[in-house]
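Tertiary structure, described
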Amino acid sequence: MPSSSSVATAKRRTTPRSTSGSVWDQLAERTSLANYRPELRADLIWVRLTTRHGEPYAMVYRPGSEFLRLDEVDAYLAERMDGSRQVSELVIDYSERAGTMDFEAVAELVMDLRAYDFLTDPPQDVFGDLEAVLHPVAPQRFRFGHGSMLDLQFPLKGIDGFVSWMHDHGGWIFFTRPALLASVIVTVLGLAACVAEIVRGHDPFAPLGGSRVAGILALVVAYVVVTFIHESAHALTSKHFGGRIWEGGFNLYYLMPAWYVDVTDGWLQPWYRRIAISWAGPYSGFILAGCCCLLVLVLPAGFLATVLFKIAIVSYFNDALNLMPLLKLDGYYILADWLEMPKLRERALAFIAGPLWRVLFVDREKLTRREVLYTVFGALAAVYSFASIFIALAWWGRRLRPLVQPLWLTPGLLTKVFAALVVAAIAVPLAIAFGRRLWRYQRHIRSAPQKAKEAVEAIRIRDRLSLLQDVAFLEGVPEAVAERLARAARVKMVRHGSQVIRQGDRGDEFFVVADGRASILVRSQGEDRLVGHYATGDFFGERALLGGGVRAATILADTALKLLVFSREVFWTELAGPVGWQARVREALEERQRVQAVPLFKGLGERQLDVLTVKLEIQPFAPGVVLVRQGDSGDSFYVVREGLVDVNRQDGRARHKLATLKPGDYFGEMALLYNQPRMATVVGKDEGSVWRLGRQDFRDLVGRYLELEGPIARKARSRRLAPSRGRR
């Protein structure tokens, strides 16, 4: 069996190449993205999963790379990328599976796979390579650890074998039913014992062996031990589910010692197992604290009881911190997996930083359920991340004062140095974090007036744009042009009962009703006859734009009116349109709306519809007229525009009617993909018409769309699912 690469090569050799046209036409044909043949790498790993609601999806990755999540349709399309199909052909495959011809979805998928280096031709950073040649960077010397000063990691590779050994030599016991039942009992009884000890006045900051320094050091050591057990529980649970532990190590987070493990393999597990992996860390702390508190309850007061109680308190404190969903710790990942919203914190903070205010004050739309969640979670996360600094300063200040003050008053330099180090270890990281947040917030405050001014201007322009969108002959105008037109509008206020324009007068202004109501009066046989009304969003006076400035009616303000006024000179200066533009746009819009109603094209955006409408050729037919004939070669794709057509197939002497196609149905799609004869005859059943799209026009359409300015590339990046949950 030939490989996919050989199949692709054979296909390319048999595909005819046009030799006509200029060299630029031939270059455009060869470089058109519509003709690109994506081919998946052979070393990709696929895992099929379902969401909490039963919706199937696939996780795709290469060892050592990032994970990409694909829905069912995207996974189907990706598996067909074997190097033998062009992007234009994949669009047809997508339409057959999803029921809509969505160019954007196919383009996003192809670019996403290429950006992840999942295709055989990886992305090439030409400018980065050129920069490296022109400005070479000296190789860095060996550095133990990586990251910043406030988040310094000391990784240890190759720990998967050690974790497997731990699991196989006793770790598996923790996942048996008796052990899980015992852990629940210990957790509940231990928490009750801890409360009893606190009520009895047991102080976790008590000196150890009569030394306050030893008491503080014991808390630090307890924290290191607790976090090690915490991360080990994450690793053991992931290993129990068959995952691989890529990395682990020691971490200095804001100068505080901690441990971490990389459990990104959790993305390959069902949602409930991912939650179990995240829950394992805090739960191990509850079990450890419960055991320590139960022992403290039965042991006599002394050195061992004091040490165990310190471990329990540190463990409970660490568990409470990790279960806080407003920080990117275990509680956050549990919530994100339960809601099935990866990168929930980043998306929520990004939403309240900008889109929220636009939705509320510019678009003036009701928030969706997801947007409400982003708003509430983002606001709580932002407030908590700032308030946590004050809470930490107050808590540590109250706890450290009775410990540090005696050390400072004790004679001798060593005790004073130790007291200063203790204060610095806590105060310096908190002060740095507080300063960074304060600096970021003061920048936002200083820029608030300018942003408020921009918001008011945006609201004003958005209101005008929303009005212009209702003007039929302006529909489809590029947004930048419509915005220029909105800014050029002059606002005119008309009092109740006043005339706006009078029938028979000449004028050169076009009006859009921004607010209010007006009557339309037409003089006939010496009397003004009421023929209708204008309300907010309606327009009149468009004849003045085409030079026919004689008013056909009198407009009378029924209420106070607010009008947007466009002079003929300003209008055409901003739109740069020809004299006959209105008629052509009206005709094009009617056809565009007819195309938009076709189910096959329902997934297309505004710009894609404009391009498609231009490419589609209208072909009328009468009853009995043959549109395609069985056995003939074909190179066109058809969509029924109006009327009905019959699909017949001739088998020997017998003719069978296969189907009757109605408006919106399509046929002839195989001609776009393969050079094969028509499989049936299609004839007109009554008067009607079809849209015809040739193979080359179809490829040009896809190519033009893929090369539009860059919105596809931007959207591709927002999808990225960064493996941030693996870093604990």
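In short, a report on the structure. None of the values given here were measured: they were computed from a predicted structure.

**Considering helix α3 (residues 72-79)**
Within the span of α3, buried status applies to Asp-74, Ala-75, Leu-77 and Ala-78. Mapping the buried residues of α3 onto a view down its axis gives an arc of 165°, with all of them on the same face. Buried residues in α3 make contact with β1 (45-50), β2 (56-61), β3 (68-71), α4 (87-98) and α5 (103-115).

**A short note on the environment of Ser-95**
Along the chain, Ser-95 falls in helix α4. Between the C-alpha atom of Ser-95 and that of Leu-600, which follows or precedes it by 505 residues, the distance is 7.2 Å. Not counting residues within four places of it along the chain, the set of residues in contact with Ser-95 comprises Thr-100, Met-101 and Leu-600.

**Comments concerning the packing of aromatic side chains**
Counted by the stated rule, this structure contains 19 aromatic pairs. Where Phe-511 meets Phe-540, the ring centres are 5.1 Å apart and the plane angle is 20°; that geometry is what we call stacked. With Phe-511 in strand β10 (residues 509-515) and Phe-540 in strand β13 (residues 539-540), the pair connects residues that are 29 residues apart, well separated along the chain. Judged by relative accessible area, Phe-511 falls into the buried class, the value being 1%. Classification of Phe-540 as buried rests on a relative accessible area of 3%. Among the aromatic side chains, those forming a connected cluster through ring pairs are Phe-154, Phe-228, Phe-250 and Trp-259. Across the ring face of Trp-338, the terminal group of Arg-52 is positioned such that the distance to the ring centre comes to 3.8 Å.

**Quick look at the side chain of Ser-636**
Along the chain, Ser-636 turns up in strand β18 (residues 636-642). Among the residues examined, Ser-636 registers a relative accessible area of 2% and is labelled buried. In this structure the side chain of Ser-636 is engaged in a polar contact, spanning 3.3 Å, whose partner is the side chain of Asp-635. A polar side-chain atom of Ser-636 sits 2.9 Å from a polar atom in the side chain of Arg-692.

**Focus: the packing of α4 against α5**
Put simply, α4 and α5 touch, their axes get as near as 9 Å, and they point 120° apart. Considered as vectors, α4 and α5 are oriented oblique to each other. In this structure, α4 meets α5 at a crossing whose hand is right-handed. Together, Val-87, Leu-90, Val-91 and Tyr-94 of α4 and Phe-103, Ala-105 and Val-106 of α5 make up the contact between the two elements. Among the residues making up the contact of α4 with α5, the classes are represented as 7 nonpolar, no polar and no charged.

Rules and cut-offs
- Residues numbered from 1 in each chain as written.
- Predicted model: local features only at pLDDT ≥ 70, side-chain atom pairs only at ≥ 80, totals over all residues.
- Heavy atoms only, no water.
- Buried < 20%, exposed > 50% of the residue type's maximum accessible area, 1.4 Å probe, protein only.
- Helix = DSSP H or I, 4+ residues; strand = E, 2+ residues; numbered from the N terminus.
- Arc of directions from axis to C-beta.
- Contact = heavy atoms within 4.5 Å.
- Phe/Tyr/Trp six-rings, centres within 6.5 Å; stacked < 30°, edge-to-face > 60°.
- Lys NZ or Arg CZ within 6 Å of the ring centre and 35° of its normal.
- Polar contact = N/O pair within 3.5 Å; in protein donor to acceptor, adjacent residues only side chain to side chain.
- Axes fitted to C-alpha atoms, helices over the stretch in contact; angles between N-to-C directions.
- Parallel < 35°, antiparallel > 145°, perpendicular 65-115°, else oblique.
- Left-handed = near helix turned anticlockwise from the far one by under 90°.
- Nonpolar A, V, L, I, M, F, W, Y, C, P; charged D, E, K, R; others polar.

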